[in-house]
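The residues making up each chain are set out below.
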Amino acid sequence: MGAFLKTLFGDARNVAVVTVLLAMEVVLVRVGHGGEAILVVPAATLAGVTWLALR
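Now for a look at the structure at hand.

Cut-offs and rules
- Residues numbered from 1 in each chain as written.
- Predicted model: local features only at pLDDT ≥ 70, side-chain atom pairs only at ≥ 80, totals over all residues.
- Heavy atoms only, no water.
- Patch = residues over 30% accessible without salt bridge, like charges linked within 9 Å, V, L, I, M, F, W, Y side chains within 5 Å.
- Areas by Shrake-Rupley, 256 points an atom, 1.4 Å probe, with all protein chains shown as cover.
- Salt bridge = Lys/Arg side-chain N within 4 Å of Asp/Glu carboxyl O.
- Helix = DSSP H or I, 4+ residues; strand = E, 2+ residues; numbered from the N terminus.
- Expected span 1.5 Å × (residues − 1).
- Buried < 20%, exposed > 50% of the residue type's maximum accessible area, 1.4 Å probe, protein only.
- Arc of directions from axis to C-beta.
- Contact = heavy atoms within 4.5 Å.

## Re a nonpolar patch on the surface
No. 1: A cluster of nonpolar side chains, contributed by M1, F4, L5, L8, F9 and V15, occupies part of the molecular surface with about 650 Å² of accessible area.
No. 2: Sort the elements by how many residues they give to the nonpolar patch and helix α1 (residues 2-9) lands first, with four residues.
No. 3: Tracing the backbone shows L8 in helix α1.

Written as structure tokens, this is what we have:
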């Protein structure tokens, strides 16, 4: 069961990156900056992937 959960969710760092990205997207849309989100989210995603790759 542990291997299944690790495959499904990854480790805590992966979950943290996805959680931060989703929270950032929700905040941007809630405050009315949905148009800027299309520029900010890809850059933040690349930053998260870079952070994961450098471990």
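Here the narrative resumes.
## Some remarks on helix α2 (residues 12-30)
No. 1: With 19 residues, α2 should cover 27 Å at 1.5 Å per step; its first-to-last C-alpha distance of 27 Å lies within 8% of that length.
No. 2: Among all positions of α2, only V17, L21 and L28 are buried. Summarising the axial view, the buried residues of α2 lie within an arc of 35 degrees, below the 170-degree limit, and thus occupy one face. Residues A12 and R30 are exposed on α2 and point more than 90 degrees away from its buried face.
No. 3: Close packing links the buried residues of α2 with α3 (34-53).
No. 4: Two residues or fewer after α2 comes G32, characterised by a positive phi angle close to 90 degrees.

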